[in-house]
Number of protein chains: 2
Amino acid sequence: MNWPWGYPMRRLMIALVLTTVSATAVQAAPAMPKRDAFAAAIAARHDRTVQDLRDWIALPTIAAMGMNVKEGPEYMRKLALDAGFQQAKVIESGGVPAVLAMLDAGAPVTLGIYMMYDVKHYDPAEWSSPPLEGRLVDRPGVGQVIVGRGAVNQKGPQTAFLAALQAFKATGRKLPVNLVLIAEGEEEIASTNLPNVVANPEVAAVLKKTIGIIGASALQNSEGTAGISLGAKGAVEFQLIVGGETSDRYPKADVHSSVHARVESPAWRLVKALDTLVADDGHTPAIDGWFENVQPLTPRQKEIIANGLKGTSEAEAKAAVGVGRWINDEDYQTSSERLVSQPTVNIQGLVSGYMGPGGKTVLPGRAEAKLEFRLVPNMTRAEAEAKLKAHLLKRGFSDVQVVVSGGYGPNQTDETAALVKAQQRTLDKQGIPYRLIVRNAGSWPGAIFNGAPLNLPTGQFGLSRGNGAHAPNEWYLIRSANPKVAGIDEATLAWVDLLYEVAAAGGKKK
Amino acid sequence: MNWPWGYPMRRLMIALVLTTVSATAVQAAPAMPKRDAFAAAIAARHDRTVQDLRDWIALPTIAAMGMNVKEGPEYMRKLALDAGFQQAKVIESGGVPAVLAMLDAGAPVTLGIYMMYDVKHYDPAEWSSPPLEGRLVDRPGVGQVIVGRGAVNQKGPQTAFLAALQAFKATGRKLPVNLVLIAEGEEEIASTNLPNVVANPEVAAVLKKTIGIIGASALQNSEGTAGISLGAKGAVEFQLIVGGETSDRYPKADVHSSVHARVESPAWRLVKALDTLVADDGHTPAIDGWFENVQPLTPRQKEIIANGLKGTSEAEAKAAVGVGRWINDEDYQTSSERLVSQPTVNIQGLVSGYMGPGGKTVLPGRAEAKLEFRLVPNMTRAEAEAKLKAHLLKRGFSDVQVVVSGGYGPNQTDETAALVKAQQRTLDKQGIPYRLIVRNAGSWPGAIFNGAPLNLPTGQFGLSRGNGAHAPNEWYLIRSANPKVAGIDEATLAWVDLLYEVAAAGGKKK
């Protein structure tokens, strides 16, 4: 196996060879002194960095279960201080606390960093190694990976960012930018209280000084192509509930089904309410006024989508979700535009009455649908909630309870933003191919920074790769078997690169 | 405690006192010789009868689990032979076998007896005593009851019938009627193969000779009022299934919900299909042609319903199902007519995607609705299935799979039938108050005998009481604390009475 990223000279050669294939013009950046010194410091600290990640994995914060909701933020606070932030404090959110940390380098530019310190729940019985152990495993054809809950979502990528700050300490270099870190413990429950945190005057004041907020991710594919995302759909999760608990028309518990002849059924009521939410085609949202603020794709966005599809396989894309056809039997480009541009109303799950094998003669006392909206610009969470409730009330469904469990709107950053240009230059200079992504169909809470009142550019950055977020055997790549794909050390060095490119973006905000 | 039914002289006094309150004219029946001898024989055999029931409870046949599907029918066969049937054989059904038994008494009249030897499944953890032990327990205010799976549904009532035959053996009396017994092992899976059994030429030939088919039940309420049922709705259980297994438009498994923007949802498809099956009121069946063969109630049937409501409490009826209002806020009489007269399409359960607490961002790969029809005269199971399938296909739901797991149509017997008159005389002579029941909203497979080609009168008979069918701690009353309510010995004697009254109905069929 070959670890070319550990050797700056070879990195330079690769950069020289590949830089011509990148589509974006390379701007001049301030010279980064001693890149080889950074690389050496990162390599020297490798075992400690991996141990840091293992220690973090060993402390799972799970908001939905109330697990480590005090230990998690305190640990996050110490990680920040240890990495060089001069100030770090726990911020009450109304739920699991957030952490605010600041690093003043006396620089003209301040960058915002978003982190999540919580993880999704896990069932150890489904894992090949203990989910909190962070075992190092050889993954054939991929390299050495760390297996554990949170490995890729997001403790591994975030550890690479923190290791970059450690490299500044080790080399005695001052950061070229100031940093503001905001870390939440409720990302896996739809960032329920992050809006409260951002509304905190102290937090808002420091965030306003940033040129934008970036999150740490692992965005390379198996061939080494990175992604630069310009946005993400919003997501709002909610449940519709009908039953004895919402109206005395329905039984309080499951009863013998013969009585349905004179007793209303919560399951039918739920079906009738759900039916009004999408058109008869089974996918177009039909909530009153749903498309009022939906922006169509621009020609440039369609062009970016088309560029992104080059060299990818439609058959593989279909196989990845296990379908033979897209909606309306659309072609690859059209369905990809639909994926990016369309708001959705999705049923996550249906729960009512008897759910075992075969049948059982009961009239359910309760019926629940779990749903989620995916929102596109310029929809907002508040708009979506209000329109849903008005839609149901207008049709008389006052007995259908709406429980919103969390969510946020979409985020969208223009490709001309300094934060985007800095990412492009970082990748271009190192000869790393990348695709622009108009908008992730998946969601992250960038909207909370990207929307009013902060209106900040947002993005996600990070080399290396991983998989299994929310699933068993989640992993993050530590040492790559493919020289085109970064391991954790190369991902760390890329963060050093990015901080210099962000500095080069200018000092309009401090 | 007082057991008046064990003392024939007192029984006679009660009969003399109470007979004037019964509404039906008492016809002359052939004198039943030595009723006191029967009562004494039954009392003498009490412990053995209870032990017979305990032994039967200890051998549960559960068709859905393949439990004791060979042992169950063989045991049923031996029970019949031991009770005095001269012939008893196992009849293949295509599923769990049936048992056919015949007792030729040389009488002019032949009575058909329906039994089920299977039981519903059970979870011992939910029981206060082991469900197969048949423990005798004192139930305050009720008396001594036997607790076990099948106690009331239907091994207890059926044991009372078999004990009546044992009483004929013990007293050396010849039965006043011939008997044909048909016993199935699939009642709890909607009598899936009973139509095959009845279509067996040997079975059909002997059933045709009967004046009707009667099942053993426990039909007294807590005040001692018995019921004579003139029919029951039919029930057809089925599931609607949509997903990767039915069309390549849907994912083969749950996938990340962001892809719903370009991938169809089985859950929405199911909602759209379901929505067409009932009207927007949430209860009126909307399947094409559903009401074509539905017979409205006659004025006499409405009168019987009104009589049945006398002395009962609407508030208690609502409390029993945990509702504050009937459909359309109807009054007691109207809602009771609706209960008896309306066919239903009930959702028993909904199953799709994520079903735990809160939400989870998945697009389900499968959605299933469990449903059941309740059918009224003159609907048939075949008609219901055909209309459902035609309705869905007409609307393009060819990707919605219909799985019919079992069922049968309604049964209805005229109150002038000899089988009904015999029941009335039996109760009248003993001064036992009773209500006529136009049609049970619940179902039993009487339709398989009552419908074409046999077209036999059907009914259910039996004193004593019990509760908990399909639930934990099922019980049947052995020794009653209330002199107006029968225990198992009095229920046994009532079967002796009934056989003489059936004989008195005349010998039109042998």
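Residues numbered from 1 in each chain as written. Chains lettered and ligands numbered in written order. Predicted model: local features only at pLDDT ≥ 70, side-chain atom pairs only at ≥ 80, totals over all residues. Heavy atoms only, no water.

## Remarks on the overall build of chain A
In step 1: When its secondary structure is counted, chain A shows 15 helices and 20 strands.
In step 2: With the C-alpha coordinates of chain A rotated into their principal frame, the extents come out at 80 × 50 × 50 Å.
In step 3: Taken across its 510 residues, chain A has 60% of its residues classed as buried.
In step 4: For chain A, the proportion of contacts with a sequence separation of at least 24, taken over those separated by at least 6, is 79%.
In step 5: In the form shown here, chain A has an accessible surface area of approximately 18,700 Å², with 54% of it arising from carbon and sulfur atoms.
In step 6: Side chains of chain A carry 53 positive and 50 negative charges; the gap between the two charge centres is 4 Å. (Helix = DSSP H or I, 4+ residues; strand = E, 2+ residues; numbered from the N terminus. Buried < 20%, exposed > 50% of the residue type's maximum accessible area, 1.4 Å probe, protein only. Contact = heavy atoms within 4.5 Å. Areas by Shrake-Rupley, 256 points an atom, 1.4 Å probe, with all protein chains shown as cover. Lys, Arg positive; Asp, Glu negative; His and termini not counted. Charge placed at Lys NZ, Arg CZ, Asp CG, Glu CD.)

## Thoughts on the pattern of salt bridges
In step 1: Counted under the stated rule, the structure contains 62 salt bridges over all chains.
In step 2: Arg249 of chain B is the partner of Asp329 of chain A in a salt bridge, and the nearest nitrogen-oxygen pair spans 3.4 Å. Residue Asp329 of chain A is found in the loop between helix 10 (314-321) and helix 11 (332-341), and its partner Arg249 of chain B is found in the loop between strand 10 (234-243) and strand 11 (255-256); the two belong to separate chains.
In step 3: Counted as one network, the salt bridges with shared partners bring together Arg45, Arg48, Asp52 and Asp82 of chain A. (Salt bridge = Lys/Arg side-chain N within 4 Å of Asp/Glu carboxyl O.)

## A few points about the packing of helix 2 (residues 35-44) of chain A against helix 5 (residues 151-171) of chain A
Residue and element names in this part refer to chain A.
In step 1: Direction vectors running N to C along helix 2 and helix 5 enclose 110°, while the axes themselves pass 9 Å from each other. On the basis of their axis angle, the class for helix 2 and helix 5 is roughly perpendicular. Helix 2 and helix 5 meet at a crossing whose hand is right-handed. Each of Ala37, Phe38, Ala41 and Ile42 in helix 2 lies in contact with helix 5, whose residues at this interface are Ala167, Phe168, Ala170 and Thr171. (Axes fitted to C-alpha atoms, helices over the stretch in contact; angles between N-to-C directions. Parallel < 35°, antiparallel > 145°, perpendicular 65-115°, else oblique. Left-handed = near helix turned anticlockwise from the far one by under 90°.)

## Let's talk about the packing of aromatic side chains
In step 1: The full count for this structure, using the stated rule, is 18 aromatic pairs over all chains.
In step 2: Centre to centre, the rings of Phe161 of chain A and Trp495 of chain A are 5.0 Å apart; their planes meet at 80°, and the pair counts as edge-to-face. Here Phe161 of chain A, found in helix 5, pairs with Trp495 of chain A, found in helix 15 (residues 488-504); they are 334 residues apart in sequence, far enough to count as distant. Each member of the pair Phe161 of chain A and Trp495 of chain A is classed as buried.
In step 3: An aromatic cluster of at least three residues, connected via ring pairs, comprises Phe38, Phe168 and Tyr500 of chain A.
In step 4: One cation-aromatic arrangement involves Arg262 of chain B over Trp326 of chain A; the distance from NZ or CZ to the ring centre is 3.9 Å. (Phe/Tyr/Trp six-rings, centres within 6.5 Å; stacked < 30°, edge-to-face > 60°. Lys NZ or Arg CZ within 6 Å of the ring centre and 35° of its normal.)

## A word on helix 10 (residues 314-321) of chain B
In step 1: Among the residues of helix 10 of chain B, Ala317, Lys318 and Val321 of chain B are the ones counted as buried. An end-on view of helix 10 of chain B places all buried positions within 95° of arc, on one side of the element. Facing away from the buried side of helix 10 of chain B by over 90 degrees, the exposed positions are Ala315, Glu316, Ala319 and Ala320 of chain B.
In step 2: Turning to helix 10 of chain B, the residues buried within the fold contact strand 11 (255-256) of chain A together with helix 11 (332-341) of chain B.
In step 3: For helix 10 of chain B, the capping residue at the N-terminal end is Ser313 of chain B, with a side-chain oxygen 3.3 Å from the backbone nitrogen of Ala315 of chain B.
In step 4: Two residues or fewer after helix 10 of chain B comes Gly322 of chain B, characterised by a positive phi angle close to 75°. (Arc of directions from axis to C-beta. Polar contact = N/O pair within 3.5 Å; in protein donor to acceptor, adjacent residues only side chain to side chain.)

## As for the environment of Lys272 of chain A
In step 1: Looking at the secondary structure, you find Lys272 of chain A in helix 8 (residues 266-275).
In step 2: Judged by its relative accessible area of 5%, Lys272 of chain A is buried.
In step 3: As a C-alpha pair, Lys272 of chain A and Phe397 of chain A span 125 residues in sequence and 9.1 Å in three-dimensional space.
In step 4: Excluding residues that lie within four positions of it along the chain, Lys272 of chain A makes contacts with Phe397 of chain A together with Asp275, Val278, Ala279 and Asp280 of chain B.
In step 5: For Lys272 of chain A, the side chain forms a polar contact with the main-chain oxygen of Ala279 of chain B, separated by 3.4 Å.

## Section: the domain arrangement of chain A
All names here are of chain A.
In step 1: Domains assigned within chain A are domain 1 (4-232 + 411-504) and domain 2 (234-294 + 343-408).
In step 2: Look at where the C-alpha atoms of domain 1 and domain 2 centre, and you get two points 37 Å apart.
In step 3: Tallying the contact residues gives 15 residues for domain 1 and 10 residues for domain 2.
In step 4: It is Ala190, Arg439 and Ser443 in domain 1 that bury the most area against domain 2; as a group they hold 49% of the surface buried on that side.
In step 5: At the junction of domain 1 with domain 2, the criterion picks out zero salt bridges.
In step 6: Inspection of the domain 1/domain 2 interface yields three residue pairs in polar contact (both at pLDDT 80 or more).
In step 7: When its residues are assigned to classes, the side of domain 1 that touches domain 2 shows eight nonpolar, five polar and two charged. (Domains from an automatic or database assignment. Buried area = accessible area lost by both parts, 1.4 Å probe. Nonpolar A, V, L, I, M, F, W, Y, C, P; charged D, E, K, R; others polar.)

## Looking at the relation of the copies chain B and chain A
In step 1: Of the two same-sequence chains, chain B is brought onto chain A (RMSD 0.1 Å, axial shift 0.0 Å) by a rotation of 180°. In the structure described here, the two chain copies are related by an operation that fits a two-fold rotation axis.
In step 2: Counting the interface residues of chain B, we find that 100% of their copies in chain A are interface residues as well, pointing to one common contact surface. (Least-squares fit on C-alpha atoms with pLDDT ≥ 70 in both.)

## Some points on the sheet that holds strand 2 (residues 98-103) of chain A
All names here are of chain A.
In step 1: Across the sheet, which stays open at both edges, the six strands sit in the order 1-2-6-3-7-18 with mixed pairing between neighbours. Each of the sheet's edge strands pairs with one partner strand only, and the pair in question is strand 1 (87-91) and strand 18 (458-461). Each strand of the sheet is rotated relative to its neighbour by a mean of 25°, with strand direction disregarded.
In step 2: Note: strand 2 against strand 6 (residues 178-184), five bridges, orientation antiparallel. Looking at the pairing, Val99 lines up with Ala183 of strand 6.
In step 3: In the packing of helix 13 (residues 418-429) onto the sheet, contacts are made with strand 3 (110-116), strand 7 (213-216) and strand 18, and the angle to strand 18 comes to roughly 20°.
In step 4: In this fold helix 15 packs onto strand 3, strand 6, strand 7 and strand 18, with an angle of close to 175° to the strand it touches most, strand 7. (Pairing = 2+ DSSP bridges.)

## Thoughts on the confidence of the model for chain A
Residue and element names in this part refer to chain A.
In step 1: Looking at chain A, the pLDDT average stands at 92 and 93% of residues meet or exceed 70.
In step 2: Segment residues 1-29 is flagged for pLDDT under 50; beyond a separation of four residues in sequence, or across chains, it makes 42 contacts in the model.
In step 3: Our summary of model confidence lists the complex with pTM equal to 0.86 and ipTM equal to 0.87. (pLDDT = per-residue confidence, 0-100.)

## With respect to unusual backbone geometry
In step 1: In this structure, Gln154 of chain A follows Asn153 of chain A across a cis peptide bond, with omega equal to -5°.
In step 2: Here Gln154 of chain A shows up in helix 5.
In step 3: Cis geometry is found at the peptide bond from Ala452 of chain B to Pro453 of chain B, where omega equals 0°.
In step 4: Mapped onto the secondary structure, Pro453 of chain B falls in the loop between helix 14 (447-450) and strand 18 (458-461).

## Concerning the interface of chain B and chain A
In step 1: Each partner contributes to the interface: chain B provides 76 residues, whereas chain A provides 76 residues.
In step 2: Along the contact surface separating chain B from chain A lie eight salt bridges.
In step 3: Residues Arg325 of chain B and Asp248 of chain A are paired through a salt bridge, measuring 2.8 Å at the closest nitrogen-oxygen approach.
In step 4: Our count for the contact surface shared by chain B and chain A stands at 44 residue pairs in polar contact (both at pLDDT 80 or more).

## Some points on the sheet that holds strand 4 (residues 135-139) of chain A
Residues and elements named next belong to chain A.
In step 1: The strand order across the open sheet built from four strands is 4-5-20-19, with neighbouring strands paired in antiparallel fashion. Two strands in the sheet have a free side with no partner beyond their single neighbour: strand 4 and strand 19 (466-467).
In step 2: Here five bridges tie strand 5 (residues 143-147) to strand 20 (residues 475-480), and the two strands are oriented antiparallel to one another. Considered in strand 20, the bridge of Gln144 is made with Arg479.
In step 3: Helix-sheet contacts for helix 3 (residues 46-57) involve strand 4, strand 5 and strand 20, and the interaxial angle to strand 20 is about 170°.

## Thoughts on helix 2 of chain A
Since the α-helix packs 3.6 residues into each turn, any two residues three or four apart lie on the same face.
In step 1: Every buried residue of helix 2 of chain A is listed here: Arg35, Phe38, Ala39, Ala41 and Ile42 of chain A. Taken down its axis, helix 2 of chain A places every buried residue within 165° of arc, on the same side.

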